[in-house]
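Structural overview
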Amino acid sequence: MVAAVVDLNADLGESLGVWRIGDDGAMLEMVSSANIACGFHGGDPATLWETCQAAARADVVIGAQVSYPDLLGFGRRFLDIAPKDLTAAVVYQVGALDAIARCMGSRVRYVKAHGALYHALAEHDRQADSFAQAVADFDPRLPVVHYGGAITAKAETHGLRLVAEAYADRAYTSQGTLVPRSEPGAVLTDPRAIAEQATRFAQEGKAESICLHGDTPGAVASARAVRAALAASGVAIRPFL
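Not measured: the values here are computed from a predicted model. (Residues numbered from 1 in each chain as written. Predicted model: local features only at pLDDT ≥ 70, side-chain atom pairs only at ≥ 80, totals over all residues. Heavy atoms only, no water.)

A short note on the pattern of salt bridges
- The full count for this structure, using the stated rule, is 10 salt bridges.
- The partner of Asp85 in a salt bridge is Lys84, and the shortest N-O contact between them spans 3.3 Å.
- For Asp85, a relative accessible area of 37% translates into the label partly exposed.
- The shortest N-O distance in the salt bridge between Arg161 and Glu208 comes to 2.7 Å. On the criterion of sequence distance, the pair formed by Arg161 in the loop between helix 6 (150-157) and strand 6 (162-167) and Glu208 in the loop between helix 7 (191-204) and strand 7 (209-213) is long-range, its members being 47 residues apart.
- Under the relative-accessibility criterion, Arg161 is labelled partly exposed at 35%.
- Residues joined in a network through salt bridges with shared partners are Asp11, Lys112 and Glu165. (Salt bridge = Lys/Arg side-chain N within 4 Å of Asp/Glu carboxyl O. Buried < 20%, exposed > 50% of the residue type's maximum accessible area, 1.4 Å probe, protein only. Helix = DSSP H or I, 4+ residues; strand = E, 2+ residues; numbered from the N terminus.)

Considering a nonpolar patch on the surface
- Residues Leu16, Val18, Trp19 and Leu71 make up a contiguous nonpolar surface patch of roughly 460 Å² in combined accessible area.
- Examined against the element boundaries, Trp19 turns out to sit in the loop between strand 1 (5-12) and helix 1 (24-28).
- Looking at Trp19, the relative accessible area reads 65%, which means it is exposed. (Patch = residues over 30% accessible without salt bridge, like charges linked within 9 Å, V, L, I, M, F, W, Y side chains within 5 Å. Areas by Shrake-Rupley, 256 points an atom, 1.4 Å probe, with all protein chains shown as cover.)

Topic: the nonpolar core
- Core analysis: the biggest nonpolar cluster contains 72 residues, and Val66, Leu97 and Phe131 have the highest contact counts within it.
- Ignoring anything within four residues of it in the chain, the contact list for Val66 reads Cys38, Val90, Gln93, Val94, Val111, Lys112, Ala113, His114, Leu117 and Phe131.
- Formed by 5 residues, the second largest nonpolar core is a distinct cluster that contains Val61, Tyr110, Val163 and Phe240. (Core = buried A, V, L, I, M, F, W, Y, C linked by side-chain atoms within 4.5 Å. Contact = heavy atoms within 4.5 Å.)

Pasting the structure below:
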C-alpha cells in the first residue's frame, strides 16, 4: 500500500568551531524534521544556536540527536559505558538542546541516537534500557526515532512511542540491518539510487520517517532527488508528530 505521508529527516548541526560539515541551510529547505547534534559527537553551542534558529524559522521540527561522549570518533565508536553514565549523558544532551530550541520559540520534539549508540540501541539491552529511561525521565511524551531491535521493548516498558525509521542513503543487509560503514558500499551517494530507495520505503509503508545524512557528499542534491521522487509517487512530506 502506498504511504500518503512520510517524514523526511536529516542529521544537522554537526559542525564544530572552524570545521564545517554539510550545508544545514540548504538541507532545512528539504526536510520536515532536523536531528540536531547536541555537542557530544559534533556541534558547539554557537552552531546549535544557529541551527535551532534556522530550523525554527523554516518551521522544521527539532529533534535531539544524542551520542556517546566521543568527539574524536564522531560518535561512531562503541563505548562500554555504565548505565547511569549513559542515562545522565542522554538527559544532559536533550536538556541542552531543548534550552537552545526554546530560546528560538521551539523545543525538542523527539530523540534519536547517533552513530554507534544508534546501533547499540538495536543490539544492547542494557544500553537500550538506559537510553529509554533517560528519555522517559526527561519527558515521556518525546518519541524515540529508530528502526527497532532491543529499543522496541525498552521503549514500550518506559511508555515511549517508537517511530519507525529507514535510511535513504545507507545500504541494508538481507536481514534488514544497516551494512557497517567499514564495508564497501555501506553509504549510498548516487542521488537516483537514494531517491529510489526512499520511494520504495515510503510505498511499502515500512517507515514513518526517512533519514538522510547531512554529512554525506552530495547530500543536498540527494535530498532534492528524494523530494522530487516522493512527490512524483504521490507521497507528501510532513512531520510524524
